Amino acid sequence: MHIVVLGSAAGGGFPQWNSNAPDAEEARAGDVLVKPRTQASIAVSADGDSWYVLNASPDLRAQINATHQLWPHDGVRSSPIAGVAVTAATSMRSPVF
């Protein structure tokens, strides 16, 4: 079993867009001890060739670009991603007033 952590932060990633906490300021300033992170997600594979993304988030494009296991590798257009599971989706419908 192959497992790759794609992101390990809460929804919205880290630093949060609306946070002015000291750790958020340090991450934005490029402090090497405070690494920015994308939203929590993992990729799993039984064979290292076909991958399944669990808890896909809006950060998926950035996570794929940062993870060589998920890059295309056959032909002009391809993907080793065999499936995606969205585990924490919320409704995007308009609020009722």
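Just above sits the structure.
Predicted, not measured: the structure shown is a model, and the values here were computed from it.

Examining the nonpolar core
One finds V4, L6, A43, W51, V53, A56, L60 and L70 forming the largest nonpolar core, which totals eight residues. Listed by contribution, the elements that provide at least two residues to this core are β1 (2-7) and β3 (51-54).

Notes on the sheet that holds strand β4 (residues 81-85)
Spatial strand order, β1-β2-β3-β4: four strands in an open sheet with mixed pairing. With one partner strand each, in any of the chains shown, β1 and β4 form the two edges of the open sheet. When strand polarity is set aside, the average angle formed by the axes of neighbouring strands in this sheet is 20°. Strand direction decides the pairing type here: strand β2 (residues 41-45) and β3, joined by three bridges, are antiparallel. Note on β3: the bridge partner recorded for V44 is Y52.

A word on a negative patch on the surface
Taken together, the side chains of D23, E25, E26 and D31 make up a negatively charged region of the molecular surface. With respect to the secondary-structure elements, E26 resides in helix α1 (residues 22-28).

A short note on unusual backbone geometry
A cis geometry characterises the amide bond from F14 onward to P15, with omega recorded as 5°. The residue P15 is located in the loop between β1 and α1 in this model. At N55, a residue that is not glycine, the phi angle is positive and equals roughly 70°. With respect to the helices and strands, the residue N55 is situated in the loop between β3 and α2 (60-65). For N55, a relative accessible area of 24% gives the class partly exposed.

Definitions and limits used
- Residues numbered from 1 in each chain as written.
- Predicted model: local features only at pLDDT ≥ 70, side-chain atom pairs only at ≥ 80, totals over all residues.
- Heavy atoms only, no water.
- Core = buried A, V, L, I, M, F, W, Y, C linked by side-chain atoms within 4.5 Å.
- Buried < 20%, exposed > 50% of the residue type's maximum accessible area, 1.4 Å probe, protein only.
- Helix = DSSP H or I, 4+ residues; strand = E, 2+ residues; numbered from the N terminus.
- Pairing = 2+ DSSP bridges.
- Axes fitted to C-alpha atoms, helices over the stretch in contact; angles between N-to-C directions.
- Patch = residues over 30% accessible without salt bridge, like charges linked within 9 Å, V, L, I, M, F, W, Y side chains within 5 Å.
- Areas by Shrake-Rupley, 256 points an atom, 1.4 Å probe, with all protein chains shown as cover.
- Salt bridge = Lys/Arg side-chain N within 4 Å of Asp/Glu carboxyl O.
- Lys, Arg positive; Asp, Glu negative; His and termini not counted.
- Charge placed at Lys NZ, Arg CZ, Asp CG, Glu CD.

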